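# Residue-level structure breakdown
For reference, the chains in residue letters:
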Amino acid sequence: MKRIKRVRLLALALVAGLTVSMGLPSRNSRAEAASPEASNKIQEILELASREIFDTESFEIELEIKNRSSNFEVPTKEEIEGSIFMKAGSSQIEKGVFERELKSAEGKQKSEVVMSGETGNPLYIRENGGAWTRQEEEGQVYYFHPNYKEIFKSILEIADELEMTEERHSYKFRSKPGSKKIASVLGPEFHLQLTGVSEDELEQTLKFKIDKKTMQMEELEMSLYYEVGEERIDIEMEFETSDFNEVDPKMIVIPTV
């Protein structure tokens, strides 16, 4: 019996995710070692950026996920835009607003979510332009994946897997050829689950950019790829952030239910 391998991706924890299932053969590769000077410079820049990122209180996000894996009848595309407010030094969301659009074989679906920040942390949800519903449970907290601050914590764990180039206005990072830690370390923030498939069987690529002036991570791209015969895993994720500490709280409008 052929072994079934699954990649499950859930971008927004409030909605359903995507699933890829297929069998793949094994393959191994090895990343080249960087010089001590380059590694120290990378660690220095990442630590400087982490101080700014962890103290961020508000920002805008854009997330795009493309899934062209072979078990989908048509390519699937998911887009999320939103505004998030957090406490400085914390990755806990205080309030936020999101819009999500999913294009798949079933057509186009749209979701809207408001995390109002009211007492009890109620959640407001609207599907495909319908009526708003209010959800509230005892002890409810807000969460969104991927979490900007938690992503960067994960990046710090794989600093030795990164290469860096310095440009006039930014530092650009990318994973070393053959890197195999990306899915396991960053995957949880994208709700990426690998079942029955090892990281050695996937081509994994990570790229991101840190602005020199703000020391904020403005762009991140992650991809997973493997193809053998008619079976293919092909997932690309793009995550952008902007307007750090400049988001107007008035953007959080509480819906009428």
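Located above this text is the structure these notes cover.
Below: a short report on this structure. Keep in mind the model is a prediction, meaning the values are calculated, not measured. (Residues numbered from 1 in each chain as written. Predicted model: local features only at pLDDT ≥ 70, side-chain atom pairs only at ≥ 80, totals over all residues. Heavy atoms only, no water.)

### So, the overall build of the protein chain
Of the regular secondary structure elements, the protein chain holds three helices and 14 strands. Per-residue burial over the protein chain gives 44% buried out of 257 residues. The long-range share in the protein chain, meaning contacts at least 24 apart out of those at least 6 apart in sequence, stands at 59%. Entry remark: accessible area of the protein chain is about 13,200 Å², with carbon and sulfur atoms responsible for 44%. (Helix = DSSP H or I, 4+ residues; strand = E, 2+ residues; numbered from the N terminus. Buried < 20%, exposed > 50% of the residue type's maximum accessible area, 1.4 Å probe, protein only. Contact = heavy atoms within 4.5 Å. Areas by Shrake-Rupley, 256 points an atom, 1.4 Å probe, with all protein chains shown as cover.)

### What to know about the pairing of strand S9 (residues 162-166)
As judged from the five bridges shared by S9 and strand S10 (residues 170-175), these two strands associate in the antiparallel manner. Within the sheet, the bridge partner assigned to Thr 165 lies in S10 and is Lys 172. (Pairing = 2+ DSSP bridges.)

### Examining the nonpolar core
The nonpolar side chains of soluble globular proteins are, as a tendency, buried together. By size, the foremost hydrophobic cluster in this structure holds 44 residues, and its most contacted members are Leu 46, Ile 155, Phe 208, Met 217 and Leu 220. Residues in contact with Leu 220, not counting those within four places in the same chain, are Ile 151, Ile 155, Leu 186, Phe 190, Leu 206, Lys 207, Phe 208, Met 237, Glu 238 and Phe 239. Counting residues in hydrophobic clusters, the runner-up holds seven residues, among them Phe 85, Val 114, Trp 132 and Ile 252. (Core = buried A, V, L, I, M, F, W, Y, C linked by side-chain atoms within 4.5 Å.)

### Looking at the sheet that holds strand S5 (residues 93-104)
Spatial strand order, S8-S7-S6-S5-S4-S3-S14-S13-S12-S10-S9: 11 strands in an open sheet with antiparallel pairing. Looking at which strands have only one partner, the edges of the open sheet turn out to be strand S8 (133-135) and S9. Pairs of neighbouring strands in the sheet enclose a mean axial angle of 15 degrees, with direction left out of account. Two elements, strand S3 (residues 58-67) and strand S4 (residues 76-86), share 10 bridges in a ladder whose sense is antiparallel. Of the residues in S4, the one forming a bridge with Ile 61 is Gly 82. On top of the sheet, helix H2 (residues 148-157) reaches S3, S4, S9, strand S12 (203-211), strand S13 (217-228) and strand S14 (231-242); it is set at about 65 degrees to S13, its chief contact. (Axes fitted to C-alpha atoms, helices over the stretch in contact; angles between N-to-C directions.)

### A look at H2
Taken residue by residue, H2 has Tyr 148, Lys 149, Ile 151, Phe 152, Ser 154 and Ile 155 as its buried positions. Two to three positions downstream of the cap, the backbone nitrogen of Lys 149 sits 3.1 Å from a side-chain oxygen, assigning the N-cap of H2 to Asn 147. (Polar contact = N/O pair within 3.5 Å; in protein donor to acceptor, adjacent residues only side chain to side chain.)

### Quick look at the pairing of S10
Counting the residues in the hairpin turn of S9 and S10 gives three residues. With five bridges connecting them, S10 and S12 associate as antiparallel partners. Directly across from Phe 173, in S12, lies its bridge partner Phe 208.

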